[in-house]
There are 2 protein chains.
Amino acid sequence: MFRTHTCGELRLSDSGKSVTLAGWVQRIRKMGGMSFIDLRDRYGITQLVVDDSVSKELNETAESLGREYVIQIKGVVVERSSKNGKIPTGEIEVRINEMKVLNQAVTPPFTIEDDTDGGEDIRAKYRYLDLRRGPLQRALALRHQVAQEARRFLSDEGFIEVETPVLMNSTPEGARDFVVPSRMNPGEFYALPQSPQTFKQLLMVAGYDRYFQIVKCFRDEDLRADRQPEFTQIDCEMSFVEREDILTTFEGMAKSLFKNVLGREFSEQFPRMSYSDAMNFYGSDKSDIRFGMKLAEITSMVKGHEFSLFDTANYVGGIAVSGGAEYTRKQIDELTEWVKRPQIGAKGLLYIRLGADGAKSSFDKYFTQEEIKAIAEKCGAVNGDLVLIMAGEKRDKTQEALGTLRIEMGNRLGLRKKDEFAPLWVYDFPLLEWDDETQRFYAKHHPFTSPKPEDLDKFFSNKKEDLEQVFANAYDFVLNGTEIGGGSIRIYDSKVQQRMFEVLGFSEEDAQRKFGFIINAFKFGAPPHGGIAFGFDRFCSLFGGQESIRDYIAFPKNNSGRDVMLDTPGKIDEAQMNELFIKSTWVPPVK
Amino acid sequence: MFRTHTCGELRLSDSGKSVTLAGWVQRIRKMGGMSFIDLRDRYGITQLVVDDSVSKELNETAESLGREYVIQIKGVVVERSSKNGKIPTGEIEVRINEMKVLNQAVTPPFTIEDDTDGGEDIRAKYRYLDLRRGPLQRALALRHQVAQEARRFLSDEGFIEVETPVLMNSTPEGARDFVVPSRMNPGEFYALPQSPQTFKQLLMVAGYDRYFQIVKCFRDEDLRADRQPEFTQIDCEMSFVEREDILTTFEGMAKSLFKNVLGREFSEQFPRMSYSDAMNFYGSDKSDIRFGMKLAEITSMVKGHEFSLFDTANYVGGIAVSGGAEYTRKQIDELTEWVKRPQIGAKGLLYIRLGADGAKSSFDKYFTQEEIKAIAEKCGAVNGDLVLIMAGEKRDKTQEALGTLRIEMGNRLGLRKKDEFAPLWVYDFPLLEWDDETQRFYAKHHPFTSPKPEDLDKFFSNKKEDLEQVFANAYDFVLNGTEIGGGSIRIYDSKVQQRMFEVLGFSEEDAQRKFGFIINAFKFGAPPHGGIAFGFDRFCSLFGGQESIRDYIAFPKNNSGRDVMLDTPGKIDEAQMNELFIKSTWVPPVK
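Residues numbered from 1 in each chain as written. Chains lettered and ligands numbered in written order. Predicted model: local features only at pLDDT ≥ 70, side-chain atom pairs only at ≥ 80, totals over all residues. Heavy atoms only, no water.

Trainee: If you had to explain the packing of aromatic side chains to someone new, which residues and values would you point to?
Mentor: Within the structure shown, the criterion is met by 68 aromatic pairs over all chains. Both rings, one in Phe448(B) and one in Phe501(B), keep their centres 6.5 Å apart while their planes meet at 90°; by these two values the pair is edge-to-face. Of this pair, Phe448(B) sits in the loop between strand 19 (440–443) and helix 13 (456–459) while Phe501(B) sits in helix 15 (residues 494–503), and the two are 53 residues apart along the sequence. Grouping residues by exposure puts Phe448(B) and Phe501(B) together as buried. Joined through ring pairs, the aromatic side chains of Phe159(A), Phe250(A), Phe258(A), Phe266(A), Phe270(A), Phe421(A), Trp425(A), Phe477(A), Phe534(A), Phe539(A) and Phe543(A) make up one cluster. Arg406(B) extends its terminal NZ or CZ atom over the ring of Phe291(B), reaching a point 3.9 Å from the ring centre. Between Arg499(B) and the ring centre of Phe459(B), over which it is positioned, the NZ or CZ distance is 6.0 Å. (Phe/Tyr/Trp six-rings, centres within 6.5 Å; stacked < 30°, edge-to-face > 60°. Helix = DSSP H or I, 4+ residues; strand = E, 2+ residues; numbered from the N terminus. Buried < 20%, exposed > 50% of the residue type's maximum accessible area, 1.4 Å probe, protein only. Lys NZ or Arg CZ within 6 Å of the ring centre and 35° of its normal.)

This is how it looks when you write it as structure tokens:
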């Protein structure tokens, strides 16, 4: 061992001890015949002192040091005269007797500090240096802790972690697969799993009863910010359960993570909300319930006032921005522009200002003061508030736009506090989605999601309106406005499964071709089962109070799916392609 | 929940309780107006009783049942009249009041019993049914337990589990990579990791100090029996350590696994052996030390007796087979044929039989009785033993052949007991291997493996003999004759690394092209570090006392890399290939 202690370990009670430390040089300061060196490792920082008068050799070595040099020192722990209350080792320093440079370092391209001077690109290229910084070290340590705690909890609950294959088959009706040419099976390809969905259902058929896996999944999608081509899920499945069992079990897991990782106790049951309430009150099935500012529907109140915007709308709703009456016309115009951006796509924004001088709105000429006040009241506004109103043809789209505005206002008013955690179950999603273009229903979750037991009659009805009223036995786990888990009770009755394929417009051959494999397995005695999968990267970033998941992944890829540190993907040899019986058809554009 | 208890839970003390159980029908027996049903789940088997006189409906349902039907029953726990001491629930049975068939099952193609009647192929195809059998359920539960325990141990020791990318870059000088065409980066490919070696060394450069990961790795090799294209490693790396620290830490892990998973305590330090002792005494660097029968070298004793076989050999060695004097000529001939098979490639086998009638050997005419007895004695033989002797031109090849024979004799004599565990550290491997054909040295481990500190002078010498005498700071963990872990202290001094590349015959450009990425990272202050990786699948199978790893992998592939259950790999659409800018060049042979 190159050390007797780590750089985060020594305390006042160690005074007088002879110790050996090793680590990286964080900082060097000179002061009147003394050199002070901050020595850093994963565990902390310890101040070292070189007294110029000790030895020429030691002095020379100390003189030679640069930032990020790796050194080993021997010395004696002494009490500091000027203590540093900010770090756990701040009461002591180590007086050096011997110093050895284990490795030199060229000057890093950015400072290795919590607040670094490096831009995103340079830090991505030198990820191994960025990973030395405190925030990333803490992020990855947190990730480890969450994984350990999740595994401990699930294991204690009788779940078995089973590894499922990475080299598997293509997923029908899913996102785009990454594929792997097989050398031993020429002309054929493996696919990387988008999720172990099939395998976990097979494990239930196989009687494993409670399965989980913290597992890498892959989707070859065009990457939006903060999406990764490979990502990690906590994937779970249980047999002989109903929805309530799943919610109880995984609420237990979440509570245990909150408690044992973050030290937060949730004694009450997590709030639960139906999909339709989530849309009506938050304009989002990923409701952020850390703050109020709920959507209020005012459609019926505003009709028949000869204001065509309202009269032609199928949905009109508003939110009350607390203290917003002070918003200037310019600020409201800016918000209007904000909601008109294509990402939101609203046609405009109306408002009511409840100021000291009464109610003032952008539609004053169609309504009386009392009517306007009543609308504002309906939206939950009190004196001093601003009511923001949207109207639209499509109920869900308008609610979503208003929900997005609500989140933006929440951000602007500082209501979305990072250190506050508001978990939420959302359930009773519609089972099916009608697509006007193809004139057919699609499964909102996947074709193995069970309808709610009480909706089975409607599910077997031939009326479109009935089918649109069928709810799925599915549920999402939402934290602070982000969906981090989702799952469902699966269909295990073959008649219901057949009906599902029929509703989705698959012929029997279609179904057999696409899902024959699992339909077959289900013939041998499938238990009632259901499950859930959590987005682990996102889970960790929320636990760490961060928006971006990048810091919670050791070696993330950029938006083009490249690892800029490795400069990957890259070319491969012709010979290797020949062995795999493939050929690249890419012709680089002539520049 | 579909049940109040599992099928492994009820005991005599539960008598009188009303319970609900759910599971699979294992077996049905009829006896005088009663039906006895064995109900199975992951947790055990509970006997159910249907009394014909209870209700017509219940009777009819019971009549309809078949093997592997999934049922739910309500009933009362009663004491059994004829108890079954073999199962934990054997003192009770459940008298059924209500029964519901949750799912029917077509007759499985083989019996779901510990000893099934299904052949390997049919069980592979219906893996989800094979996985219902006790031995596989126990194997996967053991695997889960080993993983949990390893994670707990390492976590407690300050290791952080860090996930490294699956989509990474091609490994220079490794085995063949699986590759993944990138859609977003046309003409370019990712490679799947053969091991996270580069990443874990980068994590040490990044200051993570103690890293581990239980991680899938991939090698596109022609599969020998019991090799899988994807396999799992416990991959570990530590900073500021020397060999002794690694051995101590991971011996600790192994001991904790032995204790907490298998209930075996190892109070003593694990045996340690140099590579050269392993070869000299066991003819294998994966010595099985569960039994003796050590190799003894007799080269000098047998020279100069005008027996050309001995006189031309550079190595002559023997093993003493206890009680083998009874072996007939025919048996010895059969052994001789056995060692002549191409897998072993020995030219022949000599013997000495130490029977009641004195020593009798296959080279009696060149030696006196006393000389033959002395040779036998040197090999450790006593009266009643058989000495088997091999002679060869190449020392190591001959030792290996004799070592293989030793293992075979160990098997035949029942000395390799599955429930006996003999861990062993092997170290001091040669650093370099000379290849006559290409007239250059190759790294026996990999080019980042450090020479032993005391061999550095020789390492910088220009004499081939000196370089052949340099030992690597590497170590293997061996269990019962199988290598299940291996690692090394890495080079962290750039001068030593440069010398390594020089010795391996790389020009500076070569080195930069192949390893530039990590050489570069090392310039920013690399700590001394080293690590180890364990073959997790193998580890689990040895813990389970099994030779084959297949039962310890939920969904293994066959020797052609196919998952016969999924029928994967398979064809993909032309459209998908076009998107990926690849084309298949495979032309199926005309039949």
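Having seen the structure, we can now continue with the description.
Trainee: Any chance you could break down the relation of the copies chain B and chain A for me, citing the residues and the numbers?
Mentor: Mapping chain B onto chain A is achieved by rotating through 180° and translating by 0.0 Å along the same axis, at an RMSD of 0.1 Å. Taken together, the rotation angle and the small translation identify this as a two-fold axis. By residue overlap, the copies meet face to face through one surface: 100% of the interface positions of chain B are interface positions in chain A. (Least-squares fit on C-alpha atoms with pLDDT ≥ 70 in both. Contact = heavy atoms within 4.5 Å.)

Trainee: A description of the interface of chain B and chain A should follow, citing residues and the corresponding values.
Mentor: Taken together, the contacts link 122 residues of chain B with 122 residues of chain A. Across the chain B to chain A interface the summed buried area is about 11,100 Å²; carbon plus sulfur atoms make up 59%. Counting the surface chain B buries against chain A, the share from its top three residues, Glu163(B), Phe240(B) and Phe524(B), is 8%. There are 14 salt bridges connecting chain B and chain A. One salt bridge in this structure joins Arg143(B) and Glu163(A), with 2.6 Å as the shortest N-O distance. (Buried area = accessible area lost by both parts, 1.4 Å probe. Salt bridge = Lys/Arg side-chain N within 4 Å of Asp/Glu carboxyl O.)

Trainee: Account for the domain arrangement of chain A, naming residues and giving values.
Mentor: Considered domain by domain, chain A is made up of domain 1 (12–103), domain 2 (137–272 + 422–553) and domain 3 (291–412). Domain 1 of chain A and domain 2 of chain A are separated by 52 Å when their C-alpha centres are compared. (Domains from an automatic or database assignment.)

Trainee: So what's going on with the environment of Phe448(B)? Residues and values would help.
Mentor: Residues and elements named next belong to chain B. Since its relative accessible area comes to 9%, Phe448 is described here as buried. For the pair Phe448 and Ser488, spaced 40 residues apart in sequence, the C-alpha separation works out to 8.7 Å. If we skip the residues at most four places from it in the chain, Phe448 touches Gln201, Ile489, Arg490, Ile491, Gln497, Phe501, Phe515 and Ile518.

Trainee: Talk me through the packing of helix 4 (residues 134–156) of chain A against helix 6 (residues 243–262) of chain A; I want residue IDs and the actual numbers.
Mentor: Residues and elements named next belong to chain A. Where helix 4 meets helix 6, the closest approach of the two axes is 9 Å, and the angle between their N-to-C directions is 135°. With respect to each other, helix 4 and helix 6 are oriented oblique. Both helix 4 and helix 6 take part in a crossing whose hand is right-handed. Where helix 4 abuts helix 6, its residues Leu142, Gln145, Val146, Glu149, Ala150, Arg152, Phe153 and Leu154 lie against Thr249, Phe250, Gly252, Met253, Ser256, Leu257, Asn260, Val261 and Leu262. Residues that form the contact of helix 4 with helix 6 fall into these classes: 10 nonpolar, five polar and two charged. (Axes fitted to C-alpha atoms, helices over the stretch in contact; angles between N-to-C directions. Parallel < 35°, antiparallel > 145°, perpendicular 65-115°, else oblique. Left-handed = near helix turned anticlockwise from the far one by under 90°. Nonpolar A, V, L, I, M, F, W, Y, C, P; charged D, E, K, R; others polar.)

Trainee: So what about the sheet that holds strand 10 (residues 230–239) of chain B? Which residues, and what values?
Mentor: To summarise the sheet geometry, strands pair through backbone hydrogen bonds and adopt either a parallel or an antiparallel arrangement. Residue and element names in this part refer to chain B. If you walk across this open sheet you meet the eight strands as 6-9-10-22-21-20-17-11, and the pairing is mixed. Looking at strand neighbours, the two that pair on one side only are strand 6 (160–161) and strand 11 (272–274), the edges of this open sheet. Where strand 11 meets strand 17 (residues 423–427), three bridges bridge the pair, whose relative direction is parallel. Within strand 17, the residue paired with Arg272 across the bridge is Trp425. Contacting strand 9 (210–218), strand 10 and strand 22 (529–535), helix 5 (residues 197–205) crosses the sheet at an angle of about 20° to strand 10. (Pairing = 2+ DSSP bridges.)

Trainee: Let's hear about unusual backbone geometry: which residues, and what values?
Mentor: All names here are of chain A. The step from Thr568 to Pro569 runs through a cis peptide bond, and the omega angle for that step is 0°. Relative to the elements of secondary structure, Pro569 occurs in the loop between helix 17 (536–543) and helix 18 (574–579). Of note, Asp428 is a non-glycine position whose phi angle comes to about 55°, a positive value. Along the chain, Asp428 turns up in the loop between strand 17 (423–427) and strand 18 (432–435). With a relative accessible area of 16%, Asp428 lands in the buried category. Positive phi is not limited to glycine here, since Asp567 has a value of about 55°. Of the residues examined, Asp567 reaches a relative accessible area of 53% and is grouped as exposed.

Trainee: Can you break down helix 16 (residues 508–522) of chain A residue by residue, with the values?
Mentor: Taking 1.5 Å of rise per residue, 15 residues should cover 21 Å, yet helix 16 of chain A covers just 16 Å from first to last C-alpha, more than 12% shy of that figure. Maximal helix bending in helix 16 of chain A amounts to about 90°, located at Phe515(A). Looking at helix 16 of chain A, one finds that the buried residues are Ala511(A), Phe515(A), Gly516(A), Ile518(A), Ala521(A) and Phe522(A). For helix 16 of chain A, the secondary structure elements touched by its buried residues are helix 5 (197–205), helix 15 (494–503) and strand 22 (529–535) of chain A together with helix 3 (127–130) of chain B. (Expected span 1.5 Å × (residues − 1). Bend = angle between axes of the 7 residues up to and from the residue.)

Trainee: Give a description of the sheet that holds strand 10 (residues 230–239) of chain A that names residues and reports values.
Mentor: Residues and elements named next belong to chain A. The strand order across the open sheet formed by eight strands is 6-9-10-22-21-20-17-11, and the pairing between neighbours is mixed. Two strands lie at the open edges of the sheet, namely strand 6 (160–161) and strand 11 (272–274), each paired on one side alone. Packed on one face of the sheet, helix 17 meets strand 9 (210–218), strand 10, strand 20 (474–479), strand 21 (482–489) and strand 22 and runs near 55° to strand 22.

Trainee: Before we move on, could you go through the confidence of the model for chain A and cite the residues and values that matter?
Mentor: Confidence along chain A averages 94 in pLDDT terms, with 100% of residues attaining 70 or more. In the predicted complex, the global pTM is 0.95; the interface-specific ipTM is 0.95. (pLDDT = per-residue confidence, 0-100.)

Trainee: So what's going on with the pairing of strand 16 (residues 386–392) of chain A? Residues and values would help.
Mentor: Residue and element names in this part refer to chain A. Where burial is concerned, most of strand 16 is hidden: six out of the seven residues are buried. With seven bridges connecting them, strand 13 (residues 315–321) and strand 16 associate as antiparallel partners. Across the sheet, the residue bridging to Gly318 is Ile389, located in strand 16. The pairing of strand 14 (residues 350–355) with strand 16 spans four bridges and is classified as antiparallel. What sits directly across from Tyr351, in strand 16, is Leu388.

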